[in-house]
Amino acid sequence: MRKAGILGLGYYLPPKRLTNSDLEKMVDTSDQWIMTRTGIKERRIAGKDIATSDLGIKASKLAIQDSGLKPEDIDLIITATITPDMAFPATGCIIQDKIGAKNAAAFDINAACSGFVFGIVIAQQLVSTGAYNNVLVVGAEKLSSIVDWEDRSTCVLFGDGSGACVIGASDNRVIVSSFLGADGSGADLLKLPAGGSRMPATKETIKQRLHFLKMEGNEVFKIAVRIMVEAANKAITKVGLGCEDIDLLIPHQANIRILMAVAKRLGLPEEKIFMNIERYGNMSAASTAVALAEASKKNKIKRGDNIVLVAFGGGLTYGAALIQW
Ligand code: ACO
């Protein structure tokens, strides 16, 4: 088995900012409520003519450039998203064509907010066995396209963006351990009810606003802390490490209160938690992808650091990956 590591990273945020004061004009909410309950100040919103693949392409090009490879060197593209351009074809295929990765296979995965962590674990396994050499993992979302802009309990939380990384054989930035989990009994807590085979689109589903994301926020909140802590612990103890060995925790950016509770339970001080939720909100699969690339770009990580990526999301899904930088 070869070691698999991160060869390159990239991220992209659409330029348009939607601030809490903008939201005050759209629904019955306040900057103060959003800040204290979530830690979010603003989020990015992609233009009407932009799809998830367009966001993913920008981050992918940067990640490939950062790796020093050419698009033709990529042999697999894994795209994690819950907002694909269409139900099919896979958004990854659209990205493959537009970035010129003509030697790559491509598919999408749906593990909601945990999607990027699931993607890098799959990539690591395929590189370690020698089945693939340079795998591009993309986390991209246009959540603004499935958010109900009349529902104040969800519309303040989400934003658009993309992050990507190239994983290949490497002795640096090695993915040394991981843990993935799921609890389908929580499937109803976070969902987009209509438009699939269970409830195809009808005039009635549109009238009832069933093509928008629904969330039992309170329930998700309670479970989130427990499963993120469990995932992080399982990934680090597998290789004989403890929480005290974590140099930086890069969590899914769902809610600042969830992140603080996770940090407390893991015994980590605030400065060991990477956060960008204030600027971008929750970008589902793109959140950990952007956070990892941004933490690296802003020199928050140094050689030899133990980095733990941890996420949870719709499914419910949860997972963590330990990267030795
Ligand atoms: N502005 C003002 N008031 C609001 C707003 C708003 N935007 N939204 C809800 N409220 C009100 C509610 O109506 C309620 O009023 P009431 O007491 O009169 O009934 C009150 O605020 C408290 O509501 P709660 O839902 O109890 O607020 P809570 O503190 O739980 O915060 C939140 C809600 C932010 C959604 C929180 O539960 C949360 O973050 N949950 C986790 C969500 C999450 O992490 N999702 C991640 C997965 S996303 C994915 O996988 C795609």
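Being a predicted model, the structure only gives us computed values, none of them experimental.

K.L.:
Residues and numbers for the site of the ligand, please.
P.N.:
Lining the immediate surroundings of the ligand are 26 residues, of which Thr29, Arg37, Cys113, Arg152 and Asn255 lie closest. Take tryptophan 33: an N or O atom from its side chain is 3.3 Å from an oxygen atom of the ligand. At 3.0 Å from a nitrogen atom of the ligand is found a main-chain nitrogen or oxygen belonging to glycine 217. Summarising the interface, the protein chains cover 76% of the accessible area of the ligand, which totals 1000 Å² for the free molecule.

K.L.:
Outline unusual backbone geometry, supporting the account with residue identities and numerical values.
P.N.:
The step from phenylalanine 88 to proline 89 runs through a cis peptide bond, and the omega angle for that step is 0°. Tracing the backbone shows proline 89 in the loop between strand S4 (76-80) and helix H4 (91-99). Cis peptide bonds are those with omega within 30 degrees of zero, and the linkage from glycine 315 to leucine 316 qualifies with -15°. Residues other than glycine seldom take positive phi values, yet alanine 112 does so here, at roughly 50°. Looking at where alanine 112 falls in the secondary structure, it is placed in the loop between strand S5 (105-109) and helix H5 (115-128). Residue alanine 112 is classed as buried on the basis of its relative accessible area, which comes to 9%. With a phi angle near 50°, arginine 173 is a residue other than glycine that sits in the positive phi range. Mapped onto the elements of the fold, arginine 173 is located in the loop between strand S7 (160-169) and strand S8 (174-182).

K.L.:
So what's going on with helix H3 (residues 52-67)? Residues and values would help.
P.N.:
Over its 16 residues, H3 extends 23 Å from the first C-alpha to the last, a length consistent with the 22 Å expected when each residue adds 1.5 Å. Looking at the buried positions of H3, the neighbouring elements they touch are strand S1 (4-12), H4, strand S6 (134-142) and S7. At the C-terminal side of H3, glycine 68 shows a positive phi close to 80°.

K.L.:
Explain the domain arrangement of the chain to me, using residue names and the numbers behind them.
P.N.:
Each assigned domain of the chain is listed with its residue range as follows: domain 1 (4-171) and domain 2 (176-324). Computed over C-alpha atoms only, the centres of domain 1 and domain 2 are separated by 14 Å. With 46 residues of domain 1 in contact, the opposing surface of domain 2 contributes 43 residues. Summed over both partners, the interface of domain 1 with domain 2 buries about 3600 Å², with 66% contributed by carbon and sulfur atoms. Interface area lost by domain 1 to domain 2 is led by Tyr11, Cys113 and Val117, which between them contribute 18%. At the surface where domain 1 touches domain 2, the tally comes to two salt bridges. The partner of aspartate 148 in a salt bridge is arginine 209, and the shortest N-O contact between them spans 2.8 Å.

K.L.:
Just give me the short version of the pattern of salt bridges, but keep the residues and values in it.
P.N.:
Evaluation of the coordinates by the stated rule reveals 11 salt bridges. Residues lysine 234 and glutamate 230 are paired through a salt bridge, measuring 3.1 Å at the closest nitrogen-oxygen approach. With lysine 234 and glutamate 230 both in helix H8 (residues 217-237) and four residues apart, this pair spans about one turn of that helix. You can call glutamate 230 partly exposed: its relative accessible area is 24%. Residues lysine 302 and aspartate 305 are paired through a salt bridge, measuring 3.2 Å at the closest nitrogen-oxygen approach. Residue lysine 302 is classed as exposed on the basis of its relative accessible area of 56%. Residues joined by salt bridges that share partners form a network here, namely Asp148, Glu150 and Arg209.

Conventions used here
Residues numbered from 1 in each chain as written. Predicted model: local features only at pLDDT ≥ 70, side-chain atom pairs only at ≥ 80, totals over all residues. Heavy atoms only, no water. Near = heavy atom within 4 Å. Polar contact = N/O pair within 3.5 Å; in protein donor to acceptor, adjacent residues only side chain to side chain. Areas by Shrake-Rupley, 256 points an atom, 1.4 Å probe, with all protein chains shown as cover. Helix = DSSP H or I, 4+ residues; strand = E, 2+ residues; numbered from the N terminus. Buried < 20%, exposed > 50% of the residue type's maximum accessible area, 1.4 Å probe, protein only. Expected span 1.5 Å × (residues − 1). Contact = heavy atoms within 4.5 Å. Domains from an automatic or database assignment. Buried area = accessible area lost by both parts, 1.4 Å probe. Salt bridge = Lys/Arg side-chain N within 4 Å of Asp/Glu carboxyl O.

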